[in-house]
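# Descriptive structure summary
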Amino acid sequence: MTGPDFDAPDFDFDALVQDILAQFPSEAPDGPSPIVTARRDNRRQRPKGYYDWRPQQPARVLIDQVRDVLDEYADHLPLTVRQIFYRLVASVGYPKDENAYERLSDKLAKARRARMIPFDAIRDDGVVTIENRTYGGIEDFHDESAIRARRYRRDRQEGQPVRLELWCEAAGMLGQLDRVAAPYSVKVYSAGGFGSLTANYEIAERALDRLVPTVLLHVGDFDPSGESIFKAMAEDAAAFVEADRVVQTLHIEPVRVALTAEQVQAHGLPTTPPKKSDGRSKGWQGGTCQLEALAPDQIAAIVREAIERRIDPSVYEHVLAEERNDRAELLALPPGDEA
């Protein structure tokens, strides 16, 4: 038996390919042939870019419920997916299990690609970068200088009896917490897992550069890991301060702001048993609860109260007055006038 003569002038290569394909019918005769690459079948490939999604009725209802949550907490956007999940659990009885959470995550991803939900309404933990500011010319530079003058702000912790830092586990909540802490010039930091040696030492260095004690406010999950992470970080940083301080009054004071057992009980938050795989669960009493189970406005109120309880209001108001005068001078306004 002889094969086809590929060198023949009248050889039809495309016809040969079609004859071969005809011997192997598609598994989906009514649809387009699947695109197959080496070692991978792409028939279930995730969508790329925007997505023409037409959800069925249950999914449409869920997306509407998510929109209601985003509207209710518009002042606290962006929310994390887990915050939306817990709001749905509390408001519409959405199932509280990991399978339901994964389904919600999938639907939210599709809804964002389908432009049903704004991308910036939901915060994902993701890329971290260092920005290098550039300008479009001298005029652009002067425009930014005018904007900076209008936004001028003094260190509003100046003169306070302690220096506050706010720490959280979930990086996705940094924006929400900063919105609460920024008016008091309290910086927000995230430590998702057990902090690195470098991070702990940097806390100590900041504390040693100050003339007053440092208070670490912490918000995180109510579980063995959440408690242990904060405790280990604070104790390590405090040990560095005690070893290197010249002024003996300098120290680090850790304060657990949320989530606490009292808050879980007071707000009727859902709990789950501690993970058996977590060795720190030994001796843990009761259930565990994630911080996102607490409504965003409730978290904001708790954090704001924790900050205000530790600052001197008269000193704070004095700094605000000085700030207004500075801003007026920068903008060449009469003293006391606001831009």
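Above this note sits the structure.
Let me sum up the structure you'll find in this document. These numbers were taken from a predicted model, which means no experiment stands behind them. (Residues numbered from 1 in each chain as written. Predicted model: local features only at pLDDT ≥ 70, side-chain atom pairs only at ≥ 80, totals over all residues. Heavy atoms only, no water.)

Considering all chains together, one arrives at 14 salt bridges under this definition. A salt bridge links Asp-155 to Arg-163; the nearest nitrogen and oxygen atoms lie 2.8 Å apart. Using a relative accessible area of 32% as the deciding quantity, one classes Asp-155 as partly exposed. Here Arg-327 and Glu-323 are joined by a salt bridge, their closest N and O atoms 2.9 Å apart. Taken together, the positions of Arg-327 and Glu-323, both in helix α11 (residues 313–330) and four residues apart, correspond to about one turn of that helix. As far as burial versus exposure is concerned, Arg-327 and Glu-323 are alike and both buried. (Salt bridge = Lys/Arg side-chain N within 4 Å of Asp/Glu carboxyl O. Buried < 20%, exposed > 50% of the residue type's maximum accessible area, 1.4 Å probe, protein only. Helix = DSSP H or I, 4+ residues; strand = E, 2+ residues; numbered from the N terminus.)

Take unusual backbone geometry next. Note the cis peptide between Leu-77 and Pro-78, where omega equals 0°. As for its placement among the helices and strands, Pro-78 is situated in the loop between α2 (57–72) and α3 (81–92). Cis geometry is found at the peptide bond from Ala-258 to Leu-259, where omega equals 5°. Even without being glycine, Arg-115 reaches a positive phi, approximately 65°. Mapped onto the fold, Arg-115 is located in the loop between α4 (98–113) and α5 (138–150). Not every positive phi belongs to a glycine, and Ser-185 is a case in point at roughly 60°. Among the secondary structure elements, Ser-185 is positioned in the loop between α6 (174–181) and β4 (187–190). Using a relative accessible area of 18% as the deciding quantity, one classes Ser-185 as buried.

Our focus in this paragraph is the nonpolar core. Ile-84, Leu-104, Ile-117, Leu-177, Leu-259 and Ile-307 are the most contacted members of the largest nonpolar core, which has 62 residues in total. Among all residues touching Ile-84, those that are not within four sequence positions of it are Val-66, Leu-70, Leu-79, Leu-104, Leu-108 and Ile-122. One finds Tyr-189, Ala-207, Met-233 and Val-241 within the second-largest nonpolar core, a separate group that totals 14 residues. (Core = buried A, V, L, I, M, F, W, Y, C linked by side-chain atoms within 4.5 Å. Contact = heavy atoms within 4.5 Å.)

Moving on to α3. Taking 1.5 Å as the rise per residue, α3 with twelve residues should run 16 Å; its terminal C-alpha atoms sit 16 Å apart, in good agreement. With nine of twelve residues buried, α3 lies mostly within the body of the structure. Listing the buried residues of α3 in full gives Val-81, Arg-82, Gln-83, Ile-84, Phe-85, Tyr-86, Arg-87, Leu-88 and Val-89. Summarising the contacts, the buried residues of α3 are in contact with α2, α4, α6 and α10 (296–308). (Expected span 1.5 Å × (residues − 1).)

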